[in-house]
Amino acid sequence: MAATQTLHHSTGPGRFLGHLGHRLQTVVGSIVGFFSLMNRANGAALQYEHLSQLSDASLAARGIARQDIGKVVMDRFQSETR
């Protein structure tokens, strides 16, 4: 009788832990990214609030028109997230 050879994929604990470690790293990275984004968004909201409380003269001294506050804040926010 001829011997048959069966190929087995490595399913030992090392491969499982490696896969689990990669998944865990992905999940933790996503959570960290989420909180980082939320922190920057909170900063943008505070910046908007601060600028909106300034007088038109103070805004003009910064080169900002009142109607452009939202755009200025969003442009800064988007440049920080790149």
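Here, the structure is the one placed above.
Since the model is a prediction, treat every value here as computed from it, not as a measurement.

**Student:** Help me understand the nonpolar core in this model?
**Tutor:** The nonpolar side chains of a soluble globular protein tend to be buried with one another. In this structure, Ala44, Leu51, Leu54, Leu59, Ile64, Ile69, Val72, Val73 and Phe77 together form the largest nonpolar core, which totals nine residues. Mapped onto this core, the elements with two or more residues apiece are helix H1 (13-53) and helix H3 (69-80). The leading source of residues in this core is H3, at four residues.

**Student:** Help me out: how do you make sense of H3 in this one?
**Tutor:** Helical periodicity: at 3.6 residues per turn, an α-helix aligns residues three or four positions apart in one direction. A rise of 1.5 Å per residue sets the reference length of H3, with its twelve residues, at 16 Å; its end C-alpha atoms lie 17 Å apart and thus fit the reference within 8%. All buried positions along H3 are accounted for by Ile69, Val72, Val73 and Phe77. One side of H3 holds all its buried residues, which, seen down the axis, span an arc of 130°.

**Student:** Mind showing me how you'd approach the pattern of salt bridges here?
**Tutor:** If charged atoms from side chains of opposite charge come close, those side chains can pair. Going through the model one piece at a time under the given rule, you end up with two salt bridges. Between Asp56 and Arg66 there is a salt bridge whose closest N-O contact spans 2.7 Å. Taken together, the residues Asp56 in helix H2 (residues 56-61) and Arg66 in the loop between H2 and H3 connect sequence positions ten residues apart. On the accessibility criterion, Arg66 (36% relative accessible area) is partly exposed. With its nearest N and O atoms 2.8 Å apart, the salt bridge here joins Lys71 to Asp75. Note that Lys71 and Asp75 are positioned in helix H3 at a spacing of four residues, about one turn of the helix. Residue class for Lys71 comes out exposed when judged on its relative accessible area of 53%.

Quick notes on the rules
- Residue positions are given per chain, counted from 1 along the sequence in the order it is written.
- Where totals are concerned, whole chains, interfaces and linings use all residues; where local detail is concerned, this predicted model gives features only for residues with pLDDT of at least 70, and gives and counts side-chain atom pairs only at 80 or more.
- As a convention, hydrogens and water are excluded, and side-chain values are obtained from all of the structure's heavy atoms.
- Take the buried Ala, Val, Leu, Ile, Met, Phe, Trp, Tyr and Cys residues and link them wherever side-chain atoms come within 4.5 Å; each set so joined is a nonpolar core.
- For every residue, the accessible area (1.4 Å probe, protein chains only) is compared with the maximum for its type, and the residue is labelled buried under 20%, exposed over 50%, or partly exposed between those bounds.
- Numbering of helices and strands starts at the N terminus; helices are DSSP runs of H or I of at least 4 residues and strands are runs of E of at least 2.
- Expected span of a helix: the number of residues minus one, times 1.5 Å.
- Comment: arc refers to directions from the helix axis out to C-beta atoms.
- Salt bridge, as applied in this entry: a Lys or Arg side-chain nitrogen positioned within 4 Å of an Asp or Glu carboxyl oxygen.

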